[in-house]
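Coordinate inspection notes
Listed below, chain by chain, are the residues.
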Amino acid sequence: MKVRSSAFASFILIFEVLGVALFLRGFFPLPVKSSLSSKNRLEDLPAEPLSGGSPNSSHMPQPLFKRVVIMLIDGLREDFVFGTDGRMNMPYTRHLVERGSTLSFVAKARIPTVTMPRIKAITTGSIPGFIDVVINLNSPALMEDSLLWQAKTAGKKMIFYGDDTWVRLFPKHFMEYDGTTSFFVSDYTEVDNNVTRHLDSTLKRDDWDILILHYLGLDHIGHISGPHSSLIQPKLLEMDDILKKIHSGLISKDAEGSLPFLLILCGDHGMSETGSHGGSSEPEVNTPLVLISPAFKRKVGMEKPADVEQVDLTPTLALTLGLPISQNNVGRVIPGVLEETSLRDQLRFLHLNAHQLNCLLKDSVPDYGKEAGFEQYRVAEKAHGNWMKRYLEGNTSEVLTNMGKKVLKQYLEALSAMSSALSKQMGKYDLYSMIAGMVFVFQLLLVLLLAMPEALSGSAAVDLPVVSALLSLPFYLLCLLLASVHVLVCTSAESSCYFCSLSWGLVFAAIAFSSAMSCLLLAMMTRRLSFGQHLHGKSPLKNSSSDWSLSELDVLLLAGTAGHTLSLAATSFVEEEHQTWYFLLSTLCLAVFQDVCRKYFREKSFPSGEEEEVVLMYKDSPKEEIYSEKWLALATPPFVLLCCRLLRSLNQTGVQWVHLRDLGHWLNSSDHKVVLSLLSAFCLVLIYFLIQRRCSLVSKVALALGLLGVYIYRAAVGNVLFPWHHSGRNISKGTNEARFVYVFILGILFTGTKDLLRSQIITADAKLKNRGLWEIFSGLVLLVSLLFRPHNLPVLCCSLLIQTLMTKFIWKKLHYDAAQTTIMHYWFGQAFFYFQGNSNNISTIDISVGFVGLDNYVEAPAIFLTALSTYAGPLLWACHLVCYLSSERNRSPVAVGHGCYCLALLRSVPTAAYIVLVTVLRYHLFIWSVFSPKLLYEAMHLLLTTAVCLIFYTVEQSHIPATP
């Protein structure tokens with residue numbers, strides 16, 4: 001059955017989307033939420049257990065606090081308060097922790113450690129899913145039961161100042177609010193002043209019950225310059241002074257005989273050693289939780305803070321304010337807060353928390369009766385009823401007290417077990433749907449790869465043995481086998497499975513499709529083997545695609561690419577993926593060095609036809625130039641190897657060794673600013689000389705001024721020094737300086753686009769086209785120079801230098817074809833992604849670059865700049881590949897045969913689909929002990945780009961000159 005390449009590729013893409021959708025439906029587990037649409041109310045609270053009699057009253061104990069102030073400092077790490085520098089960072093807070101009426105804890109934030117999911121965790125007590133990271137940029141209104149909804153329903157007046165994420169999540173809950181955007185990380189001063197300016201007047205008022213303050217400056221400083229920046233301590237001292245002001249104001253308003261206040265100091269998440277957050281490292285998940293109130297006993301010394309879950313704050317606040325616990329809460333009340341209350345009230349508080357968790361457990365876990373926490377809760381509730389019976393009878397003996405303490409312990413054990421069981425529900429995936437989706441995708445990938453030689457041949461068509469596959473006995477046997485497996489899985493699965501919930505018609509279609517693809521694969525593999533060809537009496541295909549021969553370099557490139565994809569089936573290889581690329585790049589350099597040695601040192605110089613070409617090439621060249629070129633070609637692979645080794649030391653990345661100090665830390669320290677300034681200036685000059693040679697005069701001048709503006713911008717923001725300004729100069733945001741550079745970037749891109757359009761529309765001038773492509777590339781390089789931190793400029797510089805040397809002495813001189821050059825560019829692009837300091841962890845994304853040149857938050861350019869900076873390595877190598885193949889195609893069309901031009905462009909450029917998949921799968925999902933998405937992502941990426949390549953190749957096939 002003959003099928004056009006475009007139709008074949010379109011078929012592959014359609015079913016790929018279905019396979020990916022099925023996989024993602026299984027990968028994103030449903031959050032632990034009650035199926036009831038209503039919210040908890042006071043009248044629905046359970047009665048106190050009473051053994052052997054009618055139910056006791058269902059009243060809730062009296063609230064413990066009248067007013068609550070929550071001071072949330074974004075990005076506050078645990079060691080900023082409890083560490084060795086805590087006394088210098090926050091002296092007043094540390095004094096309260098050591099000597100005041102406080103309770104101190106280390107609150108564990110669950111991943112993802114991003115602001116919006118953390119706010120949801122604090123207010124609802126639930127564990128947000130991974131998908132909440134994606135919607136963090138535009139938080140919708142929170143409709144589920146929450147602490148703030150309960151407070152509003154109870155008539156409590158709430159005021160909020162700070163991060164406007166709260167306002168978007170709770171749009172009608174605050175009687176007064178003032179929100180500031182959390183994404184403009186260049187601002188770490190005004191964003192906090194906008195909160196503090198309301199404090200004096202608010203603390204004097206008596207018309208509010210809950211005050212929430214969300215300070216963002218510390219988090220912004222972390223994003224800009226890291227947790228060890230000189231700006232961190234002044235910001236912490238500022239926060240300490242604010243806490244002192246709040247505490248003093250609450251004490252002055254605390255009336256005799258009334259309920260005491262509660263002041264809470266906490267963080268939504270911490271920050272990594274690079275100043276970002278989102279991952280699961282200790283500095284990111286450990287946050288301080290300090291509860292300050294006259295209701296607590298005064299301390300006599302510093303105690304080691306106990307560990308609690310961040311979601312434990314939700315039931316604790318709800319119960320101590322006299323509110324029902326939110327319906328989807330998985331946290332447990334913090335026992336220390338209840339110590340000063342009566343034993344009856346303590347048991348009642350724990351009973352209410354246990355009852356809420358038990359209801360959620362019943363509603364979320366199919367076999368809840370088998371959970372240890374459920375049985376422990378029943379035992380504790382029964383013992384509580386016995387205790388209540390004796391207590392109401394007036395028994396005041398010590399035996400009753402000991403019995404009450406035992407019941408208290410039983411409740412705490414039940415709370416711990418049920419909370420743990422509910423938290424684990426978040427990590428349960430629909431494995432059946434995930435496996436089915438992955439099988440579909442990998443079957444499509446293998447079919448596509450097997451069909452590539454035919455699809456890229458001159459006929460641009462694929463001969464698929466569909467009829468023979470559908471009429472074969474294995475097809476029907478596979479259908480029966482897979483149907484049996486489906487029935488077995490769906491009848492024995494303990495949890496719900498999406499694939500099992502589909503109608504039998506859809507399931508049978510999927511089973512038939514998978515069986516047909518397996519038989520099709522078997523038939524195509526048999527036909528490709530020489531044994532299969534002789535068996536059917538057919539001669540080998542005579543087109544050029546079937547006559548491909550694999551060199552040692554081809555084997556390395558294919559085996560390395562396939563091996564990298566297979567390595568992603570292991571979590572450790574995913575976490576340390578950069579090591580795989582470093583190894584492959586080093587091996588590639590050695591293989592290229594071997595090819596260079598063969599070219600220049602073998603006895604019989606060249607195969608037939610090549611000798612004449614080389615003689616003509618060098619007949620007018622002096623002998624010294626030939627020898628010079630020879631030794632430069634020999635020196636290129638070792639030089640590339642040396643550059644890669646130095647770049648590995650620049651930015652420590654990955655998971656296991658990311659905490660180690662590297663050259664980037666050394667350069668960014670204030671003691672070495674002069675060295676960083678000299679290095680930055682040298683790199684900018686070298687960048688100019690590497691990319692200006694193919695630009696027009698106007699672009700050369702714009703490029704020089706733009707690179708000068710890059711240095712001026714970095715000096716304005718305090719990263720580097722001017723020769724005449726060594727210290728004591730004011731640091732600005734550099735907005736005008738960055739915009740000065742943007743003008744030249746746009747000018748260069750406009751000039752390049754104009755030349756490119758002229759070459760395509762007005763005149764078919766290959767030289768003009770190449771110049772246009774190169775000018776666009778130069779504009780991107782200038783933009784990346786602006787976005788890169790100064791210590792990362794050597795990465796950009798080495799990238800351009802390697803591109804120049806490899807183009808001049810390797811790819812052209814060794815006559816590598818487009819397919820080999822394409823994969824080499826892909827390898828270099830992936831390696832330079834990690835040389836930048838990126839990793840497969842969301843916390844390594846530098847969001848501060850999204851606001852270079854912006855004086856307020858604008859979503860579209862911020863996302864674009866952040867994505868561009870993150871994927872600068874793959875993008876620049878892909879653009880260089882386009883420029884190189886364009887010049888080579890005009891010089892020698894044969895060298896770019898087999899449709900490799902399209903494959904080169906699409907396989908390496910991080911297109912929109914590439915970025916979306918990376919954002920969802922590479923950063924947000926797999927790093928939390930899930931390897932399948934990363935492996936699937938690589939397979940999908942290869943499949944997507946190759947399929948699109950086939951479509952474009954079919955369209956443009958008539959324009960590719962035939963091989964003579």
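Remember, it's a predicted structure, so these values are computed and weren't measured experimentally.

Moving on, we come to the packing of helix α24 (residues 552-567) against helix α35 (residues 818-835). Two elements in contact, α24 and α35, have axes whose closest approach is 11 Å; the angle formed by their N-to-C orientations is 45°. Judged by the inter-axis angle, α24 sits oblique to α35. In this structure, α24 crosses over α35, and the sense of that crossing is left-handed. Where α24 abuts α35, its residues Leu 553, Asp 554, Leu 556, Leu 557, Leu 558, Gly 560 and Thr 561 lie against Gln 820, Ile 823, Met 824 and Trp 827. Taken together, the residues of the contact of α24 with α35 break down into seven nonpolar, three polar and one charged.

With that out of the way, let us pick up the packing of aromatic side chains. Using the criterion set out here, one finds 23 aromatic pairs in the structure. With 5.5 Å between their ring centres and 75° between their planes, Tyr 688 and Phe 689 make a pair best called edge-to-face. Judged by centre distance (5.8 Å) and plane angle (20°), the ring pair of Phe 833 and Tyr 871 falls under stacked. On the criterion of sequence distance, the pair formed by Phe 833 in helix α35 and Tyr 871 in the loop between α36 (859-870) and α37 (872-891) is long-range, its members being 38 residues apart. With respect to burial, Phe 833 and Tyr 871 carry one shared label: buried. Ring pairing ties together the aromatic residues Tyr 582, Phe 828, Phe 832, Phe 835 and Trp 877, which thus form one cluster. Seen from the ring of Trp 774, Arg 694 lies directly overhead, with NZ or CZ sitting 4.7 Å from the centre.

This part takes up the state of the cysteines. The final tally for this structure, using the stated rule, is one disulfide. Between the sulfur atoms of Cys 490 and its disulfide partner Cys 500 the distance amounts to 2.0 Å. Where Cys 490 bonds to Cys 500 through sulfur, the torsion about that S-S bond is close to -85°, and the disulfide is left-handed. Taken together, the positions of Cys 490 in helix α20 (residues 473-492) and Cys 500 in helix α21 (residues 498-501) put the pair ten residues apart, joining distant regions of the chain. Taking the relative accessible area as the measure of exposure, Cys 490 reaches 25% and is therefore partly exposed.

Turning next to the sheet that holds strand β9 (residues 306-309). Across the sheet, which stays open at both edges, the eight strands sit in the order β5-β4-β6-β2-β7-β8-β3-β9 with mixed pairing between neighbours. Of all the strands in the sheet, just β5 (176-180) and β9 have a single pairing partner and so form its edges. Put simply, the sheet's adjacent strands are angled 20° from each other on average, direction ignored. Where strand β4 (residues 158-163) and strand β6 (residues 210-215) come together, five bridges link them in parallel fashion. Paired with Tyr 161 across the two strands is Leu 213, which belongs to β6. With respect to the sheet, helix α4 (residues 91-99) is in contact with β3 (102-108), β7 (261-266) and β8 (286-292), its orientation differing from that of β3 by roughly 110°.

Among the structural elements, Lys 405 can be located in helix α17 (residues 398-424). Considered as a pair, Lys 405 and Leu 343 are 62 residues apart in the sequence and their alpha carbons are 8.0 Å apart.

This part covers the packing of helix α15 (residues 343-364) against helix α16 (residues 372-392). Interhelical geometry of α15 versus α16 gives an angle of 150° and a closest axis separation of 11 Å. Between α15 and α16, the angle is such that the two are roughly antiparallel. Helix-helix and strand crossings are classified by hand; for α15 and α16 the assignment is left-handed. Mapping the contact onto sequence places Leu 343, Arg 344, Leu 347, Arg 348, His 351, Ala 354, His 355, Asn 358, Leu 361 and Lys 362 in α15 and Phe 374, Tyr 377, Glu 381, His 384, Trp 387, Met 388 and Tyr 391 in α16. In terms of residue class, the contact of α15 with α16 is made up of nine nonpolar, four polar and four charged.

So, on to the pattern of salt bridges. Here the structure, examined in full by the defined rule, presents 18 salt bridges. Between Glu 98 and Arg 94 there is a salt bridge; the shortest N-O distance is 3.1 Å. Taken as a pair, Glu 98 and Arg 94 lie in helix α4 at a separation of four residues, close to a single helical turn. The pair formed by Glu 98 and Arg 94 is uniform in burial state, with each residue classed as buried. Residues Lys 235 and Glu 238 are paired through a salt bridge, measuring 3.0 Å at the closest nitrogen-oxygen approach. Linking Lys 235 with Glu 238, this pair stays in helix α12 (residues 232-253), spanning three residues, or about one helical turn. Look at Lys 235 and you get buried, because its relative accessible area is 4%.

Next up on the list: the side chain of Asn 792. Summarising the element assignment, Asn 792 is placed in the loop between α33 (766-787) and α34 (793-811). Excluding residues that lie within four positions of it along the chain, Asn 792 makes contacts with Leu 650, Asn 651, Phe 835 and Gln 836.

Below, the discussion takes up the environment of Phe 499. Turning to its location among the elements, Phe 499 is positioned in helix α21. Overall, Phe 499 belongs to the buried group, its relative accessible area being 6%. Sequence spacing of Phe 499 and Arg 25 is 474 residues, and the spatial spacing of their C-alpha atoms is 9.2 Å.

Moving on, we get to the nonpolar core. Of all hydrophobic cores here, the largest spans 96 residues; its most connected members are Leu 588 and Trp 827. Tallying contributions element by element places α34 first for this core, with 13 residues. Setting aside residues up to four positions removed in sequence, Trp 827 forms contacts with Leu 556, Leu 557, Gly 560, Thr 561, Trp 581, Leu 584, Leu 585 and Leu 588.

Moving on, we get to the environment of Val 795. Inspection of the secondary structure assignment puts Val 795 in helix α34. Exposure remark for Val 795: the relative accessible area of 2% places this residue in the buried category. Placed 144 residues apart in sequence, Val 795 and Asn 651 show a C-alpha to C-alpha distance of 9.8 Å. With near-sequence residues (within four places) excluded, Val 795 lies in contact with Leu 647, Leu 650, Asn 651, Phe 832, Phe 835 and Gln 836.

A word on α33. For α33, which comprises 22 residues, the first-to-last C-alpha distance of 32 Å matches the rise-based estimate of 32 Å (1.5 Å per residue) to within 8%. Counting buried residues in α33 gives 16 out of 22 residues, a clear majority hidden from the surface.

So, on to helix α5 (residues 115-124). The buried fraction of α5 is high, at ten of ten residues. Restricting attention to buried positions, one finds in α5 the residues Thr 115, Met 116, Pro 117, Arg 118, Ile 119, Lys 120, Ala 121, Ile 122, Thr 123 and Thr 124. Phi turns positive, to about 75°, at Gly 125, one or two residues after α5.

Positive phi, normally seen in glycine, also occurs at His 815, with a value near 55°. In this structure, His 815 sits in the loop between α34 and α35. The class for His 815 is partly exposed, based on a relative accessible area of 35%.

What follows covers the confidence of the model for the chain. When pLDDT is averaged along the chain, the result is 80; 80% of the residues meet or exceed 70. Overall, residues 892-932 carries pLDDT values under 50, and its contacts beyond four positions in sequence, including any with other chains, amount to 136 contacts. Confidence drops under pLDDT 50 across residues 958-964; counting only partners more than four residues distant or on other chains, this segment forms six contacts.

Scoring rules and cut-offs
- Residues numbered from 1 in each chain as written.
- Predicted model: local features only at pLDDT ≥ 70, side-chain atom pairs only at ≥ 80, totals over all residues.
- Heavy atoms only, no water.
- Axes fitted to C-alpha atoms, helices over the stretch in contact; angles between N-to-C directions.
- Helix = DSSP H or I, 4+ residues; strand = E, 2+ residues; numbered from the N terminus.
- Parallel < 35°, antiparallel > 145°, perpendicular 65-115°, else oblique.
- Left-handed = near helix turned anticlockwise from the far one by under 90°.
- Contact = heavy atoms within 4.5 Å.
- Nonpolar A, V, L, I, M, F, W, Y, C, P; charged D, E, K, R; others polar.
- Phe/Tyr/Trp six-rings, centres within 6.5 Å; stacked < 30°, edge-to-face > 60°.
- Buried < 20%, exposed > 50% of the residue type's maximum accessible area, 1.4 Å probe, protein only.
- Lys NZ or Arg CZ within 6 Å of the ring centre and 35° of its normal.
- Disulfide = S-S within 2.5 Å.
- Pairing = 2+ DSSP bridges.
- Salt bridge = Lys/Arg side-chain N within 4 Å of Asp/Glu carboxyl O.
- Core = buried A, V, L, I, M, F, W, Y, C linked by side-chain atoms within 4.5 Å.
- Expected span 1.5 Å × (residues − 1).
- pLDDT = per-residue confidence, 0-100.

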